[in-house]
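These are the residues of each chain, in order.
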Amino acid sequence: MLELYHWEPNGYFLKPLIALEEKQVPFVSHWFDPTAFEQYGSEFPHSVEIALNLDREGPVLRHDGVQICGSYFMLEYIAEALPGLELYAADPVQRYTARAWGQRLAAIGADVCLLGSVRYLQPRFARGSAAHVESAVAKIEPLERRLAWRALLDGGYDERALAAVRDRLGFALQRIEAALVASHWLAGPTYSVADIDAFALIWTLPELVPELVNARSTPHILLFLERMHARSAVQRALGYSRSGRPQEAFVPGAEPSRWG
Amino acid sequence: MLKLYHWEPNANSGKPMLALAEKGVEYESHYLDLLGFDQHRPEYLAVNPDGTIPALVHEDRVFTESTPMMEYIDEAFAGPALRPKDPADRWRMRWWMRFFDAYFAPSLSMIGWSVFVGPSARQKDPKELAAAIERIPLPSRRVAWRKALFNEFSPDELEESRRRVQFAIGVLEAHLAGSPWMVGESYSLGDINGFNLAYALPLSQPDKCNDQTTPHIMEWLRRIYERPATRQTWAKGRTRLAARIDILERA
């Protein structure tokens, strides 16, 4: 039995939806709302790994009793454990390249989640946090997950901090752009989990940070996004949206580097 | 020809060193002095333009991310398998490696840089230090080095790192109480990764990691220390950093 607990198809939640649709394996979809803190409820899967998951808020895959979290490693699990389209090249060099992108994209994802949460989620909280939100956040463990929500509730990111995040993100995006000049796909000649990983994290950026992702600065990223949008698996994955605006669905993600 | 550019058998440099030793793979060793900024000199930037250590060069391909590098080593070379066969166990191994790399290590290294790397590097001429920082290619690494060299870690940042180290040691001890290795019954890259991070904990965090408080971590570290590949790898160390491993000698 294969079950996926997920939210709107964006960011970490979009990755396994694309991979499972690429594999064309049947699965049970459990849609939950992390902005209503349903992931802390008794019906949601629980484990040490899920509680300490460094993506903080993200999907959970349950496969024959095994609970998988951490969105990049979930992609690797889907690639290795399930039948269907190969999502990893056989060549060890390409596999290394995909994993190296997985590490770099984890940092990019942290910055994207932060910018998206500040843009779309923080205003909801700013309009007046209901007592039940304050109460739900106060109960979140571990501390790192609670503080990410707390920072949003308190409006804890000033323009200087956000400018630093955008600078860092701009530098990282130029590295993706450079890689896509050399190859249509990130990890080498063939489509792989690295492309799913990247698309899920950056497809919203032309709208979220148009000053960083646009036809002049990142033409190859825009072409990459077009190639990905053209895939039927990606279209089916985006079809899991209930809001019709998945590009505005953000919750706190991985913690940006504490080293600056 | 296989070449590895590395510093001491410690943290990121130690990961591929120990993985290669466990596989029994010979390599040409290029030692770089991290505190002498060898990694930012032109001859090394020609190998790895990011100026980070380690870098593995195999058949003209360059590999620079230490944890994926270990998986490459396991896939590309013969020798004992260092990853579980079962996909769920592989996922567990990767989960732990990310916990080490992205949670435990940044906090432990912030403490380490504040008490060791920064003070050691500050022995040099300040102008030379400033020039060395300017040569660092990655902006994020420039920020990190500046913080370490000029002691810019705030008391709050260091206190938070100490809290996280304490928390992570508790998580690791609880896990090893139920499992001899990071994943099940076999030694894996998860253990190699964790050992490189944790081998000196009994010395650097003696109140948090010791035979009374964390007996399972201590036994796990000693079992890894006693492996021939570990002895062989740490013998390549040149400084007191690597010599800290002696704390794991059984009484």
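Residues numbered from 1 in each chain as written. Chains lettered and ligands numbered in written order. Predicted model: local features only at pLDDT ≥ 70, side-chain atom pairs only at ≥ 80, totals over all residues. Heavy atoms only, no water.

### Here we look at unusual backbone geometry
Here the bond from Glu141(A) into Pro142(A) is cis, since omega is 0 degrees, no more than 30 degrees from zero. Structurally, Pro142(A) can be placed in the loop between helix H5 (131–138) and helix H6 (143–153). We note that Asp64(A) has phi near 50 degrees; this positive angle belongs to a residue other than glycine. Since its relative accessible area comes to 58%, Asp64(A) is described here as exposed. Positive phi values are uncommon outside glycine, yet Ala11(B) reaches one of about 50 degrees. Topologically, Ala11(B) is positioned in helix H1 (residues 11–23). (Helix = DSSP H or I, 4+ residues; strand = E, 2+ residues; numbered from the N terminus. Buried < 20%, exposed > 50% of the residue type's maximum accessible area, 1.4 Å probe, protein only.)

### Looking at the environment of Ser161(B)
In this fold, Ser161(B) is placed in helix H7 (residues 155–176). Each C-alpha atom of the pair Ser161(B) and Ala55(B) lies 28 Å from the other, and the pair is 106 residues apart in sequence.

### Regarding the packing of helix H8 (residues 189–198) of chain B against helix H10 (residues 215–225) of chain B
Residue and element names in this part refer to chain B. In the contact formed by H8 and H10, the axes pass within 11 Å of each other and the chain directions differ by 105 degrees. Taken together, the axis directions place H8 and H10 in an arrangement best described as roughly perpendicular. Contact with H8, carried on its side by Asp191, Gly194, Phe195 and Ala198, involves Trp220, Leu221, Ile224 and Tyr225 of H10 and no other residues of that element. In terms of residue class, the contact of H8 with H10 is made up of six nonpolar, one polar and one charged. (Axes fitted to C-alpha atoms, helices over the stretch in contact; angles between N-to-C directions. Parallel < 35°, antiparallel > 145°, perpendicular 65-115°, else oblique. Contact = heavy atoms within 4.5 Å. Nonpolar A, V, L, I, M, F, W, Y, C, P; charged D, E, K, R; others polar.)

### What about the domain arrangement of chain B?
Residue and element names in this part refer to chain B. With domains assigned, chain B is organised as domain 1 (2–76) and domain 2 (87–248). A C-alpha centroid distance of 18 Å is found between domain 1 and domain 2. Between domain 1 and domain 2, the residue contacts involve 28 residues of the former and 37 residues of the latter. Taking both partners together, domain 1 and domain 2 bury about 2,800 Å²; carbon and sulfur atoms supply 67% of that area. There are three salt bridges connecting domain 1 and domain 2. Note that Glu22 is salt-bridged to Arg227, the shortest N-O span being 2.8 Å. Linking domain 1 with domain 2 are 13 residue pairs in polar contact (both at pLDDT 80 or more), by the criterion used here. Contributions of two or more residues to the side of domain 1 that touches domain 2 are made by H1 and helix H3 (66–76). Sorting elements by how many residues they give to the side of domain 1 that touches domain 2 places H1 first, with eight residues. When its residues are assigned to classes, the side of domain 1 that touches domain 2 shows 15 nonpolar, eight polar and five charged. (Domains from an automatic or database assignment. Buried area = accessible area lost by both parts, 1.4 Å probe. Salt bridge = Lys/Arg side-chain N within 4 Å of Asp/Glu carboxyl O. Polar contact = N/O pair within 3.5 Å; in protein donor to acceptor, adjacent residues only side chain to side chain.)

### Examining the sheet that holds strand S3 (residues 55–58) of chain B
All names here are of chain B. The four strands are arranged S2-S1-S3-S4 in an open sheet whose pairing can be described as mixed. Looking along the sheet, the strands with just one partner apiece sit at the ends: strand S2 (28–31) and strand S4 (61–63). Strand-to-strand, the axes of this sheet are offset by a mean angle of 20 degrees, without reference to chain direction. The sheet contact formed by S3 and S4 spans three bridges and is antiparallel. Looking across to S4, one finds that Leu56 is bridged to Phe63. In the packing of H3 onto the sheet, the strands contacted are strand S1 (2–6), S3 and S4, and the crossing angle to S3 comes to about 30 degrees. (Pairing = 2+ DSSP bridges.)

### A few points about the domain arrangement of chain A
All names here are of chain A. In terms of domains, chain A is made up of domain 1 (2–81) and domain 2 (92–248). Between domain 1 and domain 2, the C-alpha centre-to-centre distance is 17 Å. Of the residues lining the interface, 32 residues belong to domain 1; the matching set on domain 2 comes to 42 residues. Together domain 1 and domain 2 conceal approximately 3,100 Å² of surface at their shared face, both sides included; 63% is due to carbon and sulfur atoms. There are five salt bridges connecting domain 1 and domain 2. Among the ionic pairs, Arg145 bridges to Glu57, the shortest N-O distance being 2.8 Å.

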